[in-house]
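Secondary and tertiary structure notes
Each chain, letter by letter, is given below.
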Amino acid sequence: MEIGINLDNYTDPMVDLENLICDYGKKREIGYLKINPERIPVIISEGKAQAEIDRFGEHMITYPLCGSKFVLITDDRAISQDLKDLALRGNAYIARKQSGVFTALDLQEILEWLLQLCELEYEAINSDAGRYDTYVFEYDENRGCWE
């Protein structure tokens with residue numbers, strides 16, 4: 001699988017995951033995972049991700065993921081939500097949440113998220129605005145978060 005990298009000191013539009021594991025190891029915190037259903041995932045440094053998130057302004061919204069250990073950060077205009085599903089059709093960032101603070105993911109967590117994204121319901125939705133791809137997260141009432 002290929003992934004992009006956009007860190008403070010290194011950028012690669014597309015790198016193979018095997019090379020990434022050899023370069024960084026699995027337990028080193030790297031950055032946030034930037035996802036968009038129409039593009040390849042990108043590991044982005046915390047500083048760059050936060051600058052992009054700040055541009056969301058009042059439209060920034062967060063959703064707890066996987067038992068609230070992680071958080072999905074996005075623009076509320078990139079989300080469609082009903083009672084049990086959350087459909088992402090634009091840019092979003094996955095970060096770890098520790099004591100109310102967002103922190104970078106390590107490579108092991110990024111790999112786990114990439115596997116989970118492959119398993120997510122990935123759909124093409126038709127609307128009045130046109131056809132667009134989306135990731136669909138389902139709400140887990142027992143855990144109080146999206147999976």
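Here the structure is a predicted model, which is why all the values come from computation and not from measurement.

**Observations regarding the nonpolar core**
Of all hydrophobic cores here, the largest spans 29 residues; its most connected members are L33, I35, L72, I94, I110, W113 and F137. Mapped onto this core, the elements with two or more residues apiece are β1 (2-6), β3 (29-35), β5 (60-65), β6 (70-75), β8 (85-88), β9 (92-98), α3 (107-119) and β13 (130-140).

**A word on the environment of L114**
Along the polypeptide, L114 turns up in helix α3. L114 gets classed as buried once you look at its relative accessible area, which sits at 2%. Residues L114 and L33, 81 residues apart in the sequence, show an inter-C-alpha distance of 9.1 Å.

**Quick look at the pattern of salt bridges**
Evaluation of the coordinates by the stated rule reveals 5 salt bridges. Across the pair E29 and R96 runs a salt bridge whose closest N-O atoms are separated by 2.9 Å. Residue E29 is located in strand β3, and its partner R96 is located in strand β9; the two are separated by 67 residues in the primary sequence. The exposure class assigned to E29 is partly exposed, which follows from its relative accessible area of 43%. Between K34 and E52 there is a salt bridge, with the nearest N and O atoms lying 3.1 Å from each other. Here K34, found in strand β3, pairs with E52, found in helix α2 (residues 46-54); they are 18 residues apart in sequence, far enough to count as distant. One exposure class covers both K34 and E52, and it is buried.

**Overview of the environment of A78**
Assignment of secondary structure puts A78 in the loop between β6 and β7 (79-81). In this structure A78 comes out as buried when scored by relative accessible area, which is 11%. Each C-alpha atom of the pair A78 and N36 lies 9.8 Å from the other, and the pair is 42 residues apart in sequence. Sequence-distant contacts of A78, that is, excluding residues within four places in its chain, are made with A87, L88, R89, G90 and N91.

**Regarding the pairing of β6**
Buried residues dominate β6, accounting for 6 of its 6 residues. Residues F70, L72 and T74 line one face of β6 and the alternating positions V71, I73 and D75 line the opposite face, and both faces are buried. Where β5 meets β6, 6 bridges bridge the pair, whose relative direction is antiparallel. Bridge pairing links M60 to D75 in β6. Once β5 ends, the chain turns through 4 residues before running back antiparallel as β6, passing C66 with a positive phi of about 45 degrees.

**Considering α3**
Taking 1.5 Å of rise per residue, the 13 residues of α3 would be expected to cover 18 Å, and the 19 Å separating its terminal C-alpha atoms lies within 8% of that figure. Along α3, the residues that are buried comprise L107, E109, I110, L111, W113, L114 and L117. Measuring from the side-chain oxygen of the N-cap residue of α3 to the backbone nitrogen of Q108 gives 3.1 Å; that N-cap residue is D106.

What counts, and where the lines are drawn
Residues numbered from 1 in each chain as written. Predicted model: local features only at pLDDT ≥ 70, side-chain atom pairs only at ≥ 80, totals over all residues. Heavy atoms only, no water. Core = buried A, V, L, I, M, F, W, Y, C linked by side-chain atoms within 4.5 Å. Buried < 20%, exposed > 50% of the residue type's maximum accessible area, 1.4 Å probe, protein only. Helix = DSSP H or I, 4+ residues; strand = E, 2+ residues; numbered from the N terminus. Salt bridge = Lys/Arg side-chain N within 4 Å of Asp/Glu carboxyl O. Contact = heavy atoms within 4.5 Å. Pairing = 2+ DSSP bridges. Expected span 1.5 Å × (residues − 1). Polar contact = N/O pair within 3.5 Å; in protein donor to acceptor, adjacent residues only side chain to side chain.

So yeah, pure geometry; function would need other evidence.
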